[in-house]
Amino acid sequence: MYNITSVTVSYGEKEYKATLPCKISNLKPGTVVKVQYRVSPDASSIYISSIYCPLEVFASGTHLFSYGKNSKTSLFVDPPVLYKIVSLPKSYKPYEVTMLYTASNTRNAVVLYPPIAGDSITIFHYLIEKYGRYVLNSLFYISLGFILMFFSLFYLKSPKHGAFFLWPGLMALSSGLWQFSNNNLVILLTRYPAVLYVTGFVSMFFIGIPLCESTKRSLNMEDNKVLKYLTFIEILSFIITLAFGIMGVVPLQKSFHFYQIFLTVTFLTLAIIVLQRLLKDRKWGDLWFFLATVFMLLSSVLEYLNYQIHFLDQMMLIFQDSLFVFSIVLGILGGIESSRIYKQSLDTLELKNDMKLQNQTIEASKDKLELMITHFDDIRKQRHDLKHHIRTMSDLLEKKRYIELSTYLSSIENSIPAISDKKYCENVIVNSTLEYYIETAINSDIDINTNIEIPRSNPHISDSDLSVIFGNLLENAIDACAVLPKGSRYISIKSQKAGEMLFITMDNSSNGNYLPNGEFFNSTKHKGDAIGLRSLKSISERHQGSAKFEALENQFRSEICVRL
């Protein structure tokens, strides 16, 4: 097997020796370019190529192969790229191979790559070794794209999170299809090069859209006006290019020049935007993205030069390899940003949960205060009537009317308002929280046992944080008991001070249906972690303590410690 690099080229009145690969420019459409070379008789096949040109192949006067003569449509003004292994007839003499290329209607040049002569199996093995890894790369990209897009379906209710999977998935998919459709080995094996032609160009033209969208989200630059305009231009260009290609106004392969330049401008714009933010904020993530963008910018320039000079016979190899590195950087940055937003959303849920508990404490305290005000008004009235009561009782006593006096005393006692003041601990604010949830538990037919020690004031933790801790514990326990039959519901909550630390333990009955999720458990109310448990751990760690949760067969145990 060997490459044929020395050939005789002739067209019009010109004839000269040429070294392949080469590009013959300034040709009128329909110009026939004849390429001639000699092949030794031990070769049984030749590997040939046609880049958007009709082609006919002859060996020692025998017609071997014809391609692209009748392929003109509005979409295919010129035939798609073709790679083919053509069998040679048996001969004992060297073959005189003639290849007739017809200059295309949309390009003023014919590109010639070196044919390969040899045994067909040997040639095929060589092509697998040379281009096989790029097929695997493209399949990896395609698979990754479908996987990421599949994961985005889990965030239909949260499009912002789903976009971190959707746009990189679309970029990986379009990149993979682009690489797959432009691979020499794939084109060689396919029976429908026109399908690869359309798929390859559509994927290439589309890739700029998810590229810009992924960049905006990975770098948290969704409000950047330049990126918004760039994305809009990408979408508009994609639509116009496809429309013009379908109508035959501008063939897809001719738009390729525009997109090569446009991709270079896109990466240059991204590099400038990120450099400005890097100089302003000095973030390491921006530095890595800037270096990756500059790398892509250089590769797109080299790819454009390759398209003009043809120093590689496989188009877009440089760009595809660079895109692989760029995608990894973009994926890492996107993962970091997605993780940050996810943590931020959890913090927001924790804050909402804590505020809800604090509001319940405030409402409980407010109800108690209103009750006390009502009782105070009653007491004022009683004090106002006290002199009248004393005179009446004195009169009954002087007259020794003891039965009437006893009856009168009873009526006064019954008219005095009873103040319900249940005291579970010394801390007034936490006591209000305990009153609210313990009353809720009792009304839910839950047996509750309390032994709570909390000082009136604590220098290292606020009363509101303590209220959130006890509110979370009791609310979770009440919810767990609510699904159980009456008679099997119980809560036992205790706290004890030791030095500066407060140790809280709580056991409550449960049905045991808890799904572990790392160090937490999945919520029974919504998808994801139990926010109450996460909040308890967050508060305990902020106050030099810890939180531990254990799901037993029919019981759930919580252990919290915080610094007072």
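Everything here concerns the structure above.
Residues numbered from 1 in each chain as written. Predicted model: local features only at pLDDT ≥ 70, side-chain atom pairs only at ≥ 80, totals over all residues. Heavy atoms only, no water.

> Hey, could you go over the pattern of salt bridges for me, with residue numbers and the actual values?
By the definition in use, this model includes 9 salt bridges. A salt bridge links Arg563 to Glu500; the nearest nitrogen and oxygen atoms lie 2.8 Å apart. With a gap of 63 residues between them, Arg563 in strand 19 (residues 555-563) and Glu500 in the loop between strand 14 (490-498) and strand 15 (501-509) connect regions that are remote in the sequence. Connected through shared salt-bridge partners, Lys423, Glu426 and Arg456 make up one network. (Salt bridge = Lys/Arg side-chain N within 4 Å of Asp/Glu carboxyl O. Helix = DSSP H or I, 4+ residues; strand = E, 2+ residues; numbered from the N terminus.)

> Outline the packing of aromatic side chains, listing residues and values.
Tallied over the entire structure, the rule returns 12 aromatic pairs. Pairing Phe206 with Phe238 gives two aromatic rings, centres 5.5 Å apart and planes at 65°, and the pair type is edge-to-face. Here Phe206 is found in helix 4 (residues 193-206), whereas its partner Phe238 is found in helix 6 (residues 225-247), with 32 residues between them in sequence. The exposure class of Phe238 is buried, given its relative accessible area of 15%. Note on Phe549 and Phe556: the rings are 6.5 Å apart at their centroids and 25° apart in plane angle, and the pair reads as stacked. One exposure class covers both Phe549 and Phe556, and it is buried. Among the aromatic residues, those joined into a ring-pair cluster are Tyr52, Tyr197, Phe201 and Phe205. (Phe/Tyr/Trp six-rings, centres within 6.5 Å; stacked < 30°, edge-to-face > 60°. Buried < 20%, exposed > 50% of the residue type's maximum accessible area, 1.4 Å probe, protein only.)

> How would you explain the sheet that holds strand 13 (residues 447-452) if you had to name every residue and give the values?
With mixed pairing, 5 strands are arranged side by side in an open sheet as 13-14-15-19-18. In the strand order of this sheet, the two ends are held by strand 13 and strand 18 (546-551), each with one partner. Across the sheet, the mean angle separating the axes of adjacent strands is 5° when strand polarity is ignored. Strands strand 13, strand 14, strand 15 and strand 19 of the sheet are contacted by helix 12 (residues 463-482), whose axis makes an angle of about 10° with strand 15. In the packing of helix 13 (residues 531-542) onto the sheet, the strands contacted are strand 18 and strand 19, and the crossing angle to strand 18 comes to about 150°. (Pairing = 2+ DSSP bridges. Axes fitted to C-alpha atoms, helices over the stretch in contact; angles between N-to-C directions. Contact = heavy atoms within 4.5 Å.)

> I'd love a proper account of the packing of helix 11 (residues 428-443) against helix 12, names of residues and values included.
Contact geometry of helix 11 with helix 12 gives a least axis separation of 9 Å together with a crossing angle of 10°. One element, helix 11, and the other, helix 12, form an angle in the roughly parallel class. Only Asp463, Leu466, Ser467, Phe470, Gly471, Leu474, Glu475 and Ile478 of helix 12 make contact with helix 11, whose side of the interface consists of Ile429, Val430, Thr433, Leu434, Tyr437, Thr440 and Ala441. For the contact of helix 11 with helix 12, the residue count by class is 9 nonpolar, 4 polar and 2 charged. (Parallel < 35°, antiparallel > 145°, perpendicular 65-115°, else oblique. Nonpolar A, V, L, I, M, F, W, Y, C, P; charged D, E, K, R; others polar.)

In short, shape yes, function no, at least from these values alone.
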